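For reference, the chains in residue letters:
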Amino acid sequence: MSRIGPMLSPRRISGIYIFIVLIVFFSLATDTFLTTTTLRTVATEQAVTAIVAIGLTVALAAGVFDLSIAGAMGLANIVVAKLMADSGLEPVLAIVITLVLMSIIGLVNGLLVTKARIDPFIATLGTNSILIAVIYVVSNNQNILGIPADFQDLAGDQLLGIPLPVFYVLILAFVVWYVLAWTPIGRRLYATGGGREVARLAGVRTDAYIICAFICSSVVAAAAGVLVVATIGTGSTEVGPSYLLPAFAAGFLGATQFRPGRFNVWGTVLAVYLLATGVKGLVLMGADTWVPDLFNGLALIIAVGLSGIQRRARVSKSEAPPIGESPPTSADRSPGSGAGETTSPAPQQGATA
Amino acid sequence: MQPHEQPEAATAVLDAPPAVRVEHLSKTFPGQRALDDVSIEIRRGEVHALVGQNGSGKSTLIKALSGFHSPDPGASAWIEGQAVELGSLSEAEQAKMRFIHQDLALVPSLTIRENLGLGPARRGPLMPVERRRERRDVRDLLGTFDLDIDPDTVVSKLTPFEKSAVAIARALDGVDGACLLVLDEPTASMGAAEVEQLFAVLRRLGEQGVAVLYVSHFLPEVLRIADRITVLRDGRRIAQVEAKDTTEEGLVELIVGSRVQHAAPPPPGLDHQDAFLEVEGLTLDGLRDASFTIRPGEVVGFTGLIGSGYELIPECLAGSRPWDHGTITVRGKSFTRLTPARAVEAEMTTMPADRRGLGLIPHFTLAENVTLPRIGESWHGGRVDRRRERADVQAWLDKTGVVPPDPSRLVQELSGGNQQKVMLAKALRLEPKVLVLAEPTQAVDIGASASIRRLITQLATDDRAIVVTSSDAEELEQICHRVLVTRNGRIACELVGSDITEDRILFESQFEGGTA
């Protein structure tokens with residue numbers, strides 16, 4: 001099978017090799033690392049991050065930043081808690097209502113970006129700030145107690161000895177992966193992110209795709225918020241912002257894996273767990289509290305930087321004569337896209353919003 | 001071609017001492033000898049043209065001169081008689097050569113003055129900019145090129161010639177005794193009048209003793225401006241000829257290595273067929289009251305000076321630019337508004353001129369780009385069948401001559417000419433009834449553009465109407481049954497049959513006597 005070779009190339013799956021190295025290293029360096037407890041904690045703790053990051057991957061694939069996932073997550077967490085604790089709704093109904101409400105956030109973001117032509121970075125920065133205000137108003141800045149126990153089972157139960165949240169991650173990842181990688185919808189979504197005008201000229205309804213991508217990232221972030229309530233048993237006013245940067249880091253780091261240059265689900269999931277494993281190992285080795293942040297930051301910069309260098313090397317190599325003719329010419333210049341359009345945030349092209 | 005006068009100084013130029021001389025220059029890339037023992041000598045005051053197909057080594061030669069590539073051992077070079085080592089030129093030696101690339105490297109959103117001020121700050125990076133003095137300096141500098149433009153004009157508002165002139169002014173500003181100016185495809189986006197303006201500037205630089213190395217695909221222009229011409233083919237110097245002793249055909253033969261057959265358009269089979277495309281009174285900013293009808297089997301060309309309106313037609317037909325008045329009727333279906341999706345539904349496909357902005361997604365594979373319109377049809381058995389997709393796309397890549405026809409490569413890894421062919425494959429795969437091609441052979445080498453032109457004439461079947469917009473009059477002469485020329489936002493004339501000649505097209509484009 002000639003395709004196995006390239007698939008195992010470090011260019012595509014360097015993360016897997018680093019993952020293995022980390023596991024071997026920490027297993028040798030500590031007694032407590034290679035245990036089922038550690039495995040289970042990392043898997044469960046990171047499930048929420050992974051879910052948020054998967055939702056964000058959809059938005060990134062469509063070429064838009066969504067900073068409001070933090071607010072969506074926080075508000076969902078308050079709303080679902082209030083619906084159950086104060087209004088006494090059944091958990092299932094509360095969850096459904098919450099997710100539907102939070103989809104409005106995505107719709108608003110999408111309309112701001114496509115119709116009002118506001119840069120996604122700025123639009124979602126604005127909506128996020130508004131959402132944080134709404135969280136305070138709705139919660140009266142009080143944590144919400146009295147969450148039903150059967151709701152908490154959603155996070156606490158296990159299947160085959162594996163905590164349920166791990167299954168949520170896998171199911172969500174599988175569904176999103178299938179849609180992005182194997183359906184015409186996914187192709188059009190990536191095309192929207194890769195070149196909005198190119199996609200539009202090809203008949204793709206890019207505005208609709210961008211709106212749907214925002215809805216997707218909001219709803220998935222809301223689901224993560226719901227899961228947090230189930231995990232900690234209260235509706236907390238502090239949930240949300242702390243997941244924002246890890247989700248973005250995972251998205252960009254993930255785009256260097258499996259399908260370099262493209263935001264992809266398994267890359268994102270791998271990145272979440274890779275970073276978490278590194279952090280966990282360092283903590284078990286007795287690292288100071290600042291070490292995990294340092295590790296996350298360095299990992300992101302180094303990985304994205306290296307893959308950019310790699311890509312440029314590959315492009316300039318193939319620009320040397322045989323395959324092509326001359327380097328790109330004036331026709332390759334694209335005029336500045338219209339106001340409010342974003343450039344593709346493909347990670348190796350320098351992500352600018 | 002129109003007869004032209006040699007500059008009077010021509011003979012003096014040919015006796016002038018060399019500004020730059022390079023001998024035995026070779027450059028080997030892994031698996032490819034890009035340059036093979038090339039020698040070139042550019043004299044002071046001379047315009048020396050460098051021609052050759054894409055991939056013939058022109059770019060490599062320029063990059064070796066600029067020090068970007070270090071050549072294989074054995075090369076020697078002299079700048080103004082001083083022996084220098086290519087690939088490790090010192091700053092002083094670098095300063096004697098100035099390079100202007102096709103994209104000009106101007107910042108479009110800044111003014112001329114700001115662009116010219118991007119170099120080293122005169123007074124220190126944190127000192128306030130002396131606007132008044134700068135403005136005066138810039139005006140003086142532009143004046144030396146006979147340009148009367150406000151230095152505070154934003155660069156994006158300039159004409160292509162003005163942009164080039166600004167780039168040249170910047171290149172030569174403040175470097176006393178620069179002896180070689182290298183221009184890469186300087187006329188690519190210019191109309192004929194602007195080309196003349198540029199040539200006037202180049203001739204004046206020649207009088208001042210500056211040597212110009214002029215790289216271009218446009219052979220008629222090369223023959224007009226150059227004193228001598230160096231022809232590269234497959235990395236070798238095939239010939240160095242005096243421009244005045246050469247014809248365009250002779251030059252093409254040297255470049256291609258054999259005679260190129262002109263693809264003559266077959267007579268249109270227009271037996272009482274209904275029009276496939278009817279445009280009535282199309283009016284928008286830059287184009288007024290354009291009406292035309294195109295029947296199946298026809299190849300109809302649109303041309304004119306850049307900005308005269310013809311270049312808006314593909315955008316309207318693609319559905320990417322709304323218009324104010326008028327209707328577009330595609331095979332009986334009328335539109336007063338068109339979206340790209342509706343154009344695709346109406347089986348009208350447009351290949352845009354702006355490859356990167358509108359045509360292709362750089363980090364998509366060829367297959368993904370080509371199948372993007374109607375991607376829904378690639379859905380088989382619950383997924384996009386990538387193997388089937390690749391096979392499908394491969395056939396179209398073969399047809400348009402993409403080399404290598406590998407659907408799994410990323411578009412950004414391809415050269416400009418190959419990307420153009422991928423874009424053509426993408427348009428053809430839709431098997432459109434109305435095919436609109438904007439600048440179909442831009443940035444494509446001579447051999448490939450001949451094959452694309454032949455393909456276009458073959459595509460004009462009973463079941464398809466073709467619109468070609470092009471700034472290349474020769475191209476239109478070769479492939480069109482009719483040519484419509486726009487002037488000042490109106491369709492000014494229609495050329496049919498034997499009236500379609502390059503000279504006539506150029507004349508009609510320029511002609512000022514018509515109603516404005």
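Worth saying up front: this structure is predicted, and the values here are computed from it rather than measured.

## Some points on the overall build of chain B
Point 1. Of regular secondary structure, chain B possesses 18 helices and 22 strands.
Point 2. Residues classed as buried in chain B amount to 48% of the 516 residues present.
Point 3. Contacts in chain B between residues at least 24 apart in sequence constitute 69% of all its contacts with a sequence separation of at least 6.

## A word on the overall build of chain A
Point 1. In terms of regular secondary structure, chain A is built from 15 helices and 2 strands.
Point 2. Each of the 353 residues in chain A was classed as buried or not, and the buried ones make up 48%.
Point 3. Sequence-distant contacts in chain A: of pairs separated by 6 or more residues, those separated by 24 or more amount to 77%.

## With respect to the domain arrangement of chain B
Residue and element names in this part refer to chain B.
Point 1. Considered domain by domain, chain B is made up of domain 1 (1-96 + 177-259), domain 2 (108-175) and domain 3 (277-510).
Point 2. Among the elements that make up the side of domain 1 that touches domain 2, the one with the highest residue count is helix 7 (residues 192-207) (4 residues).
Point 3. Residues of the side of domain 1 that touches domain 2, tallied by class, amount to 7 nonpolar, 2 polar and 1 charged.

## Brief notes about the packing of helix 10 (residues 184-194) of chain A against helix 12 (residues 206-232) of chain A
Residues and elements named next belong to chain A.
Point 1. Remark: helix 10 packs on helix 12, axes separated minimally by 10 Å, with the N-to-C direction vectors making an angle of 100 degrees. When the axis of helix 10 is compared with that of helix 12, the two are roughly perpendicular. Taking contact as the criterion, the partners of R188, L189 and T192 in helix 10 are, on helix 12, T206, Y209, I210 and A213.
Point 2. Residues that form the contact of helix 10 with helix 12 fall into these classes: 4 nonpolar, 2 polar and 1 charged.

## A word on the nonpolar core
One recurring pattern in soluble globular proteins is that nonpolar side chains are buried together.
Point 1. The biggest cluster of nonpolar side chains holds 170 residues, and the ones touching the most others in it are A:I51, A:V52, A:M73 and A:A213.
Point 2. Residue contributions to this core peak at 19 residues, all from helix 12 of chain A.
Point 3. Not counting the four nearest positions on each side in its chain, A:V52 is found in contact with A:I69, A:M73, A:V220, A:A221, A:A224, A:Y243 and A:A247.
Point 4. With 63 residues, the next largest nonpolar core counts B:A167, B:L183, B:M190 and B:L213 among its residues.

## Regarding the sheet that holds strand 20 (residues 465-469) of chain B
The strands that make up a sheet pair up through hydrogen bonds in the backbone, lying either parallel or antiparallel.
All names here are of chain B.
Point 1. One open sheet accounts for 6 strands, arranged 16-19-20-13-21-22; its pairing is mixed. Either end of the sheet is taken by a strand with one partner, and the two such strands are strand 16 (348-351) and strand 22 (490-496). With strand direction ignored, the average angle separating the axes of adjacent strands in the sheet is 20 degrees.
Point 2. Direction of pairing for strand 13 (residues 299-304) relative to strand 21 (residues 482-487): parallel, over a ladder of 5 bridges. Bridging from a neighbouring strand, F302 pairs with L484 of strand 21.
Point 3. Along the sheet, helix 16 (residues 446-459) contacts strand 13, strand 19 (434-438) and strand 20; its crossing angle with strand 20, the most-contacted strand, is approximately 145 degrees.

## Focus: the pairing of strand 21 of chain B
Residue and element names in this part refer to chain B.
Point 1. With respect to burial, strand 21 is a largely interior element, 5 of its 6 residues being buried.
Point 2. Pairing of strand 21 with strand 22, which is carried by 6 bridges, proceeds in the antiparallel orientation. By the bridge assignment, R482 is partnered in strand 22 with V496.
Point 3. Between strand 21 and the antiparallel strand that follows it, strand 22, lie 2 residues; N488 among them carries a positive phi value of about 50 degrees.

## Thoughts on the confidence of the model for chain B
All names here are of chain B.
Point 1. Here chain B shows a mean pLDDT of 81. Residues at 70 or above account for 87%.
Point 2. The least confident element of chain B is helix 1 (residues 10-15), whose mean pLDDT is 52; the most confident is strand 19, at 93.
Point 3. The model gives residues 1-11 a pLDDT under 50, and that stretch makes 9 contacts with residues more than four places away or in other chains.
Point 4. Note on the complex model: pTM 0.72, ipTM 0.77.

## Points about helix 2 (residues 58-66) of chain B
All names here are of chain B.
Point 1. Where burial is concerned, most of helix 2 is hidden: 7 out of the 9 residues are buried.
Point 2. Every buried residue of helix 2 is accounted for by K58, S59, T60, L61, I62, A64 and L65.
Point 3. With its phi angle positive at about 90 degrees, G67 sits one or two positions after the end of helix 2.

## Notes on the environment of A:V219
All names here are of chain A.
Point 1. Summarising the element assignment, V219 is placed in helix 12.
Point 2. Along the chain, V219 and E197 lie 22 residues apart, while their C-alpha atoms are 27 Å from each other.
Point 3. Apart from residues lying up to four places away in sequence, V219 is in contact with L99, M102, S103 and G106.

About the criteria used
Every chain is numbered on its own, with residues counted from 1 as its sequence reads. The lettering of chains begins at A and the numbering of ligands begins at 1, in the order of writing. Restriction of local features to residues with pLDDT of at least 70 applies here, the model being predicted, together with a cutoff of 80 or more for giving and counting side-chain atom pairs; totals for whole chains, interfaces and linings are based on all residues. Here a helix means four or more residues in a row that DSSP labels H or I, a strand means two or more in a row labelled E, and each is numbered from the N terminus. Residues with at least 20 other C-beta atoms within 10 Å of their own are called buried, those with 12 or fewer are called exposed, and the rest are partly exposed. The C-beta atoms themselves are positioned from the backbone. Note that contacts rest on C-beta atoms placed from the backbone: two residues are in contact if these are within 7 Å. Residue ranges for the domains trace back to a domain assignment, done automatically or taken from a database. Ten residue types, Ala, Val, Leu, Ile, Met, Phe, Trp, Tyr, Cys and Pro, are classed as nonpolar, four, Asp, Glu, Lys and Arg, as charged, and the remainder, Gly among them, as polar. Axes, fitted as lines to C-alpha atoms, cover a helix only where it is in contact. Angles between the N-to-C directions of the axes lie from 0 to 180 degrees. By definition in this entry, angles of less than 35 degrees are roughly parallel, angles greater than 145 are roughly antiparallel, angles of 65 to 115 are roughly perpendicular, and the rest are oblique. By definition, a nonpolar core groups buried Ala, Val, Leu, Ile, Met, Phe, Trp, Tyr and Cys residues that are joined through C-beta atoms within 7 Å. At least two bridges found by DSSP between two strands is the condition for calling them paired. Per residue, pLDDT measures the predictor's confidence, with a range of 0 to 100.

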